[in-house]
Amino acid sequence: MRAEPAHPLTGGGGAVAFGAAEPAWNNFQYRFTADDFARVRGFIYRNAGISLAPGKMDMVYSRLARRLRATGVESFAQYLDLVESGDPQELEAFINALTTNMTSFFREPHHFRLLSERLRQHRDQRQVAIWSCASSSGEEPYSIAMTALDALPAGAGVSILATDIDTNVLGRGSEGIYPVDQLPKIPEPYRKRFFLRGEGNNEGFIRVKEELRRVVTFKRLNLLDGQWPMRGKFDFVFCRNVMIYFDRPTQLAILERISRVLHPDGLLFVGHSESLHHAQELFRVCGNTTYALRS
Ligand SMILES: C[S@@+](CC[C@H](N)C(=O)[O-])C[C@H]1O[C@@H](n2cnc3c(N)ncnc32)[C@H](O)[C@@H]1O
């Protein structure tokens, strides 16, 4: 059993230890042992902050077996040697395979109602800056963009930074093409204004219009990175449904950094199951899963 090395952001080795008694998965195409799984857990924890629960062995097998096939290696042990050797392409593919990207347009709609109210009161000409820090495939930042373009008084501008660790979903977000069955999640008045319906080969898809695309910038950012490259502060930060994958020390370290990039009057939105009890010194409740800086 490998010792858990220190976490780069929190200093602790927070992933839960995995019992060594798990049988190898000999009935599957690739042998997957308890030691392999422990290596996966340690590596994704150190590189993305993600704490994989001990019960996720099947999920990890099915997500990584594709990478084993693609790289042509013969075992998990060989594949993990490749990832741990520092091959940057495979490290990216490994992280992409293990992230969970579930999202949708206007998910947790109360946040967008509050955002709209706040933006309607925006009086100065300063551009509003918003960060969606785990943007997945773009539904969240585009929902923010629609809300902002609708609510902001004429002449006021908005810029939305959409970041994620997973380069696959970022690519989908930049393309801005979604299955047409997503339309019902988008408020009716926004559908025609902000989307084009595909025809011919593109039948069955919708595409965000230029007006929306223009205000959203997609960039890769690992929340664990030592340096966050942005300058200036954000009026709103959406950090939703990502902290559930992190342990408490990692959450706290990230929340502390978010508090430093949030405007003094800004708001932080978190996911429905992500309370900030442990960060009460930094944030105070300001609505349903909505927080403001304490000081
Ligand atoms: C479940 S999705 C949430 C998407 C969106 N915020 C929402 O609430 O609908 C979680 C996202 O967090 C991203 N993620 C996981 N670990 C990350 C990290 N260390 N840095 C940045 N993004 C991360 C994943 O790639 C995934 O796209």
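In this text the structure is predicted, and so the values were computed from the model without any measurement.

Parameters and conventions
Residues numbered from 1 in each chain as written. Predicted model: local features only at pLDDT ≥ 70, side-chain atom pairs only at ≥ 80, totals over all residues. Heavy atoms only, no water. Near = heavy atom within 4 Å. Polar contact = N/O pair within 3.5 Å; in protein donor to acceptor, adjacent residues only side chain to side chain. Areas by Shrake-Rupley, 256 points an atom, 1.4 Å probe, with all protein chains shown as cover. Nonpolar A, V, L, I, M, F, W, Y, C, P; charged D, E, K, R; others polar. Core = buried A, V, L, I, M, F, W, Y, C linked by side-chain atoms within 4.5 Å. Buried < 20%, exposed > 50% of the residue type's maximum accessible area, 1.4 Å probe, protein only. Helix = DSSP H or I, 4+ residues; strand = E, 2+ residues; numbered from the N terminus. Domains from an automatic or database assignment. Contact = heavy atoms within 4.5 Å. Pairing = 2+ DSSP bridges. Axes fitted to C-alpha atoms, helices over the stretch in contact; angles between N-to-C directions. Parallel < 35°, antiparallel > 145°, perpendicular 65-115°, else oblique. Salt bridge = Lys/Arg side-chain N within 4 Å of Asp/Glu carboxyl O. Buried area = accessible area lost by both parts, 1.4 Å probe.

Let's talk about the site of the ligand
Not every one of the 22 residues close to the ligand is listed here, only the nearest: Thr-103, Arg-107, Ala-134, Asp-164 and Asn-241. The side chain of Asp-164 places a nitrogen or oxygen atom 2.6 Å from an oxygen atom of the ligand. For the ligand, the protein covers 99% of the area, taking 610 Å² as the surface of the free molecule. Across the shell around the ligand, the residue classes tally to 10 nonpolar, seven polar and five charged.

A closer look at the nonpolar core
Ranked by size, the top nonpolar core spans 54 residues in total, and within it Phe-94, Trp-131, Leu-268 and Phe-283 carry the most contacts. In terms of residue count, helix 2 (residues 57-71) provides more of this core than any other element does, seven residues in total. Three or more residues apiece are contributed to this core by two domains, here domain 1 (1-98) and domain 2 (110-293). Not counting residues up to four positions away in its chain, the partners in contact with Leu-268 are Val-237, Cys-239, Leu-255, Ile-258, Leu-262, Leu-276, Phe-283, Thr-289, Thr-290 and Tyr-291.

Things to note about the sheet that holds strand 6 (residues 216-220)
Taken in spatial order, the seven strands make up an open sheet running 6-2-1-7-8-10-9, and their pairing is mixed. Edge positions in the sheet fall to strand 6 and strand 9 (283-287), since each has one partner strand and no second. Pairwise comparison of adjacent strand axes, ignoring direction, gives a mean angle of 25° for this sheet. Sheet topology places strand 7 (residues 234-239) next to strand 8 (residues 262-270); five bridges connect them, and they run parallel. Opposite Phe-238, over in strand 8, you have Phe-269 as the bridge partner.

Structural notes on the packing of helix 1 (residues 34-48) against helix 2
Interaxial distance between helix 1 and helix 2 falls to 11 Å at its minimum, and their mutual angle equals 80°. If you check the angle between helix 1 and helix 2, you find them roughly perpendicular. Residues Ala-34, Phe-37 and Val-40 of helix 1 form the contact with helix 2, whose own contacting residues are Met-57, Val-60 and Leu-64. A class-by-class count of the residues in the contact of helix 1 with helix 2 yields six nonpolar, no polar and no charged.

Looking at the pattern of salt bridges
For the structure shown, the criterion picks out 11 salt bridges. With its nearest N and O atoms 4.0 Å apart, the salt bridge here joins Arg-126 to Asp-124. Residue class for Asp-124 comes out partly exposed when judged on its relative accessible area of 40%. Of the charged contacts in the structure, one is a salt bridge between Arg-240 and Glu-140, with a shortest N-O distance of 2.8 Å. With Arg-240 in the loop between strand 7 and helix 10 (248-261) and Glu-140 in helix 6 (residues 139-151), this pair connects stretches of sequence that are 100 residues apart. Of the two residues examined, Arg-240 and Glu-140, each falls in the buried class. Connected via shared salt-bridge partners are Arg-120, Asp-150, Arg-193 and Glu-211.

Digging into the domain arrangement of the protein
What the domain assignment lists for the protein is domain 1 (1-98) and domain 2 (110-293). When each unit is reduced to the centre of its C-alpha atoms, the spacing between domain 1 and domain 2 is 30 Å. Between domain 1 and domain 2, the contact holds 15 residues from the first and 16 residues from the second. With both sides pooled, the region where domain 1 packs onto domain 2 buries about 1,200 Å², and carbon together with sulfur makes up 57% of that total. Connecting domain 1 to domain 2 are zero salt bridges. For the pair domain 1 and domain 2, the number of links is five residue pairs in polar contact (both at pLDDT 80 or more). Listing elements by their share of the side of domain 1 that touches domain 2, those giving two or more residues are helix 1 and helix 4 (88-98). Residue contributions to the side of domain 1 that touches domain 2 peak at four residues, all from helix 1.

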